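An overview of the molecular structure
What follows is each chain in one-letter form.
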Amino acid sequence: MKKVSTLLLLIGIFWTALQESMACTRVVYQGPNGNIITARSMDWKTEIPANLWIFPRGMQRNGQVGDNSISWSSKHGSIITSSWDIASSDGMNEKGLAGNLLWLVESQYPEFEKDSNQPGLSISMWLQYVLDNFETVKEAVGELSKEEFVVVSSHIPGTETFATVHLSLSDKHGDNAIFEYIDGKLVIHHDKSHVVMTNSPIFEEQLAINAYWKSIPGTIMLPGTNRAADRYVRASYYIDAIPKSEDRRVAVASVFSVIRNCSVPLGISTPDQPNISSTRWRTVADHKNLVYYFENVLNPNAIWVAFENIDFSENAEVKKISLSDNENYSGESSAEFEAASPFDFAGLE
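First things first, this report covers the structure right here in the doc. (Residues numbered from 1 in each chain as written. Predicted model: local features only at pLDDT ≥ 70, side-chain atom pairs only at ≥ 80, totals over all residues. Heavy atoms only, no water.)

The subject of this paragraph is the packing of aromatic side chains. Using the criterion set out here, one finds 16 aromatic pairs in the structure. A ring pair is formed by phenylalanine 55 and phenylalanine 343, whose centres lie 5.9 Å apart and whose planes are at 55°; its orientation type is tilted. Taken together, the positions of phenylalanine 55 in strand β3 (residues 50-55) and phenylalanine 343 in the segment after β20 (338-339) put the pair 288 residues apart, joining distant regions of the chain. Judged by centre distance (5.1 Å) and plane angle (70°), the ring pair of tyrosine 237 and tyrosine 238 falls under edge-to-face. (Phe/Tyr/Trp six-rings, centres within 6.5 Å; stacked < 30°, edge-to-face > 60°. Helix = DSSP H or I, 4+ residues; strand = E, 2+ residues; numbered from the N terminus.)

Core analysis: the largest hydrophobic core is formed by 85 residues, its most contacted members being Leu52, Trp126 and Phe179. A per-element tally of this core places helix α6 (residues 248-261) first, with six residues. (Core = buried A, V, L, I, M, F, W, Y, C linked by side-chain atoms within 4.5 Å. Buried < 20%, exposed > 50% of the residue type's maximum accessible area, 1.4 Å probe, protein only.)

Counted according to the given criterion, the structure contains two cavities of 30 Å³ or more. Space inside the largest cavity adds up to approximately 330 Å³. Lining the largest cavity are 23 residues; nearest its centre among them are Trp84, Ala87, Ile156, Ala163 and Val165. Here the lining of the largest cavity gets three residues from one element, more than from any other, and that element is strand β8 (residues 98-103). Tallied by class, residues from the lining of the largest cavity come to 17 nonpolar, six polar and no charged. Here the second largest cavity is characterised by a volume of approximately 50 Å³. Taken together, Phe294, Asn296, Asn299, Asn301, Ile303, Leu323, Glu327, Asn328 and Tyr329 make up the lining of the second largest cavity. (1 Å grid on protein atoms, 1.4 Å probe; cavity = no way out; pocket = protein on both sides within 12 Å on 5 of 7 lines; lining within 4 Å. Points joined across faces, edges and corners; volume = space filled by probe spheres on them. Nonpolar A, V, L, I, M, F, W, Y, C, P; charged D, E, K, R; others polar.)

Looking now at the sheet that holds β20. Pairing is antiparallel across the open sheet formed by nine strands, whose spatial order is β13-β12-β11-β8-β7-β6-β3-β18-β20. Where the open sheet ends on each side, the last strands, each with one partner, are β13 (185-190) and β20. Here strand β11 (residues 165-170) runs beside strand β12 (residues 176-182); their pairing, made up of four bridges, is antiparallel. For serine 170, the partnering residue across the bridge sits in β12 and is asparagine 176. (Pairing = 2+ DSSP bridges.)

Structurally, serine 88 is set in strand β7 (residues 87-93). Classification of serine 88 as buried rests on a relative accessible area of 0%. At a separation of 2.8 Å, a polar atom in the side chain of serine 88 contacts the side chain of glutamine 128. For serine 88, the contacting residues outside a window of four places in its chain are Phe55, Ile80, Thr81, Leu101, Ser124, Leu127, Gln128, Phe343 and Phe345. (Polar contact = N/O pair within 3.5 Å; in protein donor to acceptor, adjacent residues only side chain to side chain. Contact = heavy atoms within 4.5 Å.)

These figures come from the coordinates and say nothing about function on their own.
Rendered as structure tokens:
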């Protein structure tokens, strides 16, 4: 009874934040012989059109926040999933560094004045900047912790929704980091043990909730709602409980089964929690074998892209496979990509 009372208290503390959170989950499988796999679900209250893009090395980027935008040339090629073709929301680069943007309503970014002297980067490019520039989580943490620029957020174009996200990174070494802006300050959680992330509450509090549940055997009871804290606990339990296989096919299937378990069924809505959202798509990134998987819940098939079939060389073509109209592909789909002009990242108007 004491444990149940403590749990109810924790739920009460985080209730307000959980009511407002968009529902996404990210989980990392750390298997034998460097078999590292990252999965995530994208959950949103409405359709969130996604396409897969191939970006080669040598692309010239601008931070999209005015005259003081940072600029760079991409060092590494990547495959990313776009949202509305205005942002990179998920992806992996050719060095096996993967990243995921998830909603975090508690996010509060530094104050920023357009065309001031303060260097800035649009939030739509936050993940892409990392994939373009870094090989490992450690390298990304080392550079981003210097805070030589600020991440600048704004409303999602055409909506009244202000973009509030946090960023997770994982690499082929099994390393992990979570980046959040809390009260205008960058907070970095860097540790190999950080294999699960959901939305609200902030990551430090997610760890506290999970620590409580570890005292209760998952074979006896696990929280079963669609709320972020409950999904965090289930993902944490199952990613640890599933067998760690050297068989690549078994490992990928196991990780898919975990992220599906933590997904929100299509069409689910909760009247008093309007932002509990259906899962729209899922990705799985195989860091060791450099394969990127994508699954649209409205299609019967998953697709995947083997990096060995992609030309990431400088001056290679930018390519796209259109998935935003629920186009149906199956299996290894690198041949289905077509040359395309890169999309414009959303920035400050």
